[in-house]
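Fold and geometry: a report
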Amino acid sequence: MTTILMLGFALLALGVVALMAYQYLTGRNDLLSMRNFFLLGFIIFQLTSAIFPLLSQDYGQYPLSEVTRTATKFLLWAVVFLVVLLWSYKWGFGVRRLASITPAPSAPPGSVGLLFLALGFTILAIPMRLGLAIPLFSVLTNYIGIGMAAVACGLLGWVWGPRLLNPVMLFPALPLLAINAANVVTGSFGRRALVAIGAGLIWGMYFSRWRYLKPRSVMWRLGLVAAVPVLLLILFTSARSSKEHDRSAVEHLQAIQQIGNLQAGVAMILDGQGTASTSMWLMENFPESFEYKHLSMLQYFFYYPVPRTLWLDKPTPLSGQIANLSRRQNVDRDSLTIGPGILGHAAVDGGWYALILYAFVMGLFLRYFDELLALHATNAMMVMPIGCALGQVLGLARGETSAFAFILVFTVVTVYLFMLVGSYVMRTTGLTRPSAGSLGWDDEEYETDAPQQLEAC
């Protein structure tokens, strides 16, 4: 039975990938979208993550008393969640109208202006991430700093994408990418900020030019550009240590050189930090051993931004309760946070009705952003802020989902406002004009020739 269950999770994961590929190839959906990033996270943190413990029969700190029954239920829940999410996403009840009335910025500056904005965001991101140690606000400025760094890379990608093979682009690209990557990994243990940088670059390239090319042309470009960020993420994953949360960028590089391991890193990523094991443990223990905490994940989305210094009795999120609920030994239970998985959230928050509600809401949540992208796909001022926190989107399926969702919304909105200010300043000071070419040629003329030049390579 265990083999059948592993096969079921594998087939479901492949089915999700096949659906994304089919809809892209038939022109129904973009290859890169908020929905697809979420689905990729769901595959990693809930589906492939379930295969590893079933294969090894090692459930770590969260042993199951009825493995077959619980894993079968978990697989069924995964199917139901995906079906409801895709259904609500497809129909977009209400959010399609909301997206259509959401204010959009005017046309962005040309390539020179976008590169200046990328430089400006890179400079601003450093104090936002590392310099503003303001009580109650430093956590929020950290998110803004990461979002700014991601947008800087995205704006670079927007300019670089149509002229991918032009070596002149390496001069602004290499220092901007290196500075922003070093900024977001300094003092960081998590991978979401690093994902935001790499994904932001690709996001900009895709929406500036690749979106309009044939799938075959997109895939080799995507593989070429994504190779380095993905390799770095794998090595970073294998070399990071839970005992060293304050490494500098140089220390991260030294750790990668000393103990980085590709095979181990790939296994760690596909294992999804054991999130599925935690989700199944929660399913098995709620409500049998513990009472439901009805819709606590939905509530915590609104609680999250309130500082605990101002709200002493602020509820602890599920990720902060699991260590105590499971009676973990030899750890600081009050500070350890563990990803419960979005299905684990549903198991704690009411069972079946919470599962369906969360899937429905998540589908609309993702559709709103993707509808904005569809309406303003050629406007970098709208597209880039939406893609500034893709690491959070990837992590939504892992949890703490409410926290990641709030960080996503907060980062997108604040970075969008900063971008509007930056664009206004550049236009009013005459630093750039909408028709200015980034490297001395007219954008439209070059981009008309770009497909033929690239296809010839």
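In the block above lies the structure referred to throughout.
The text that follows walks through the structure, step by step, so that each part is easy to find. All values reported here derive from a predicted model rather than from experimental measurement. (Residues numbered from 1 in each chain as written. Predicted model: local features only at pLDDT ≥ 70, side-chain atom pairs only at ≥ 80, totals over all residues. Heavy atoms only, no water.)

A word on the side chain of Thr275. The topology assignment puts Thr275 in helix α12 (residues 275-285). Ignoring sequence-local partners within four residues, the contact set of Thr275 consists of Phe45, Gln46, Ser49, Gly339, Pro340, Gly341 and Arg398. (Helix = DSSP H or I, 4+ residues; strand = E, 2+ residues; numbered from the N terminus. Contact = heavy atoms within 4.5 Å.)

A surface patch of nonpolar side chains, amounting to about 310 Å² of accessible area, comprises Leu7, Leu11 and Leu14. Topologically, Leu11 is positioned in helix α1 (residues 2-25). Look at Leu11 and you get exposed, because its relative accessible area is 52%. (Patch = residues over 30% accessible without salt bridge, like charges linked within 9 Å, V, L, I, M, F, W, Y side chains within 5 Å. Areas by Shrake-Rupley, 256 points an atom, 1.4 Å probe, with all protein chains shown as cover. Salt bridge = Lys/Arg side-chain N within 4 Å of Asp/Glu carboxyl O. Buried < 20%, exposed > 50% of the residue type's maximum accessible area, 1.4 Å probe, protein only.)

Note the cis peptide between Phe286 and Pro287, where omega equals 5°. The peptide bond linking Gly399 to Glu400 adopts the cis configuration, its omega dihedral lying at 10°. Mapped onto the elements of the fold, Glu400 is located in the loop between α18 (390-395) and α19 (401-428). The phi dihedral of Arg327 is positive, around 55°, even though this residue is not glycine. Among the secondary structure elements, Arg327 is positioned in the loop between α14 (322-325) and α15 (342-348). The exposed category is assigned to Arg327, whose relative accessible area is 64%.

This part takes up the packing of α1 against helix α2 (residues 34-56). Contact geometry for α1 and α2: axes closest at 9 Å, N-to-C directions at 165°. Viewed along their axes, α1 and α2 adopt a mutual orientation that is roughly antiparallel. In this structure, the crossing between α1 and α2 has a hand that is left-handed. Contact residues: Thr2, Leu5, Met6, Phe9, Ala10, Leu12, Ala13, Val16, Val17, Met20 and Gln23 in α1; Arg35, Asn36, Leu39, Ile43, Gln46, Leu47, Ala50, Ile51, Leu54 and Leu55 in α2. Here the contact of α1 with α2 is composed, by residue class, of 16 nonpolar, four polar and one charged. (Axes fitted to C-alpha atoms, helices over the stretch in contact; angles between N-to-C directions. Parallel < 35°, antiparallel > 145°, perpendicular 65-115°, else oblique. Left-handed = near helix turned anticlockwise from the far one by under 90°. Nonpolar A, V, L, I, M, F, W, Y, C, P; charged D, E, K, R; others polar.)

What follows concerns the environment of Gly157. As for its position among the elements, Gly157 is in helix α6 (residues 138-160). Of the residues examined, Gly157 reaches a relative accessible area of 0% and is grouped as buried. The sequence separation of Gly157 and Leu201 amounts to 44 residues, and the corresponding C-alpha distance is 4.8 Å. Among all residues touching Gly157, those that are not within four sequence positions of it are Leu201, Gly204, Met205 and Ser208.

We now examine the packing of helix α7 (residues 170-185) against helix α8 (residues 192-208). Contact geometry for α7 and α8: axes closest at 8 Å, N-to-C directions at 155°. Here α8 runs roughly antiparallel to α7, going by the angle between their axes. The handedness of the crossing between α7 and α8 is right-handed. Note on element contacts: α8 touches α7 through Ala193, Leu194, Ile197 and Leu201, opposite Leu177, Asn180, Val184 and Val185. Residues of the contact of α7 with α8, tallied by class, amount to seven nonpolar, one polar and no charged.

Under the definition given, this model contains two salt bridges. Across the pair Arg211 and Asp30 runs a salt bridge whose closest N-O atoms are separated by 2.9 Å. Of this pair, Arg211 sits in the loop between α8 and α9 (215-239) while Asp30 sits in the loop between α1 and α2, and the two are 181 residues apart along the sequence. Exposure remark for Asp30: the relative accessible area of 18% places this residue in the buried category. Two residues, Arg367 and Glu371, come together in a salt bridge whose shortest N-O distance is 2.9 Å. Of this pair, Arg367 and Glu371 both sit in helix α16 (residues 352-375), separated by four residues, roughly a single helical turn. The exposure classification of Arg367 matches that of Glu371, with both residues buried.

This part is about the nonpolar core. Buried together is how nonpolar side chains tend to be arranged in soluble globular proteins. Within the largest apolar cluster, 144 residues are counted, with the highest numbers of intra-cluster contacts made by Met34, Phe38, Phe42, Phe81, Trp203 and Trp210. Here this core gets 14 residues from one element, more than from any other, and that element is α6. Beyond its immediate chain neighbours, meaning those up to four positions away, Trp203 contacts Leu32, Ser33, Met34, Phe37, Leu373, Val383, Met384, Ile386, Gly387 and Leu390. (Core = buried A, V, L, I, M, F, W, Y, C linked by side-chain atoms within 4.5 Å.)

Before going further, it helps to examine helix α10 (residues 249-259). Of all the residues in α10, the buried ones are Ala249, His252, Ala255 and Ile256. On an axial view of α10, the arc spanned by its buried residues comes to 120°, and they lie on one face. For α10, the exposed residues set more than 90 degrees away from the buried face come down to Val250, Gln257 and Gln258. Taken together, the buried residues of α10 touch α7 and α9. (Arc of directions from axis to C-beta.)

Summary of buried charges: Glu400 has no salt-bridge partner, and the nearest side chain of opposite charge, Arg398, is 8.6 Å away. Within the structure, the side chain of Glu400 is placed 3.4 Å from the backbone nitrogen of Leu318, a separation counted as a polar contact. Excluding residues within four positions of it along the chain, Glu400 makes contact with Tyr300, Pro317, Leu318, Ser319, Pro340 and His345. (Lys, Arg positive; Asp, Glu negative; His and termini not counted. Polar contact = N/O pair within 3.5 Å; in protein donor to acceptor, adjacent residues only side chain to side chain.)

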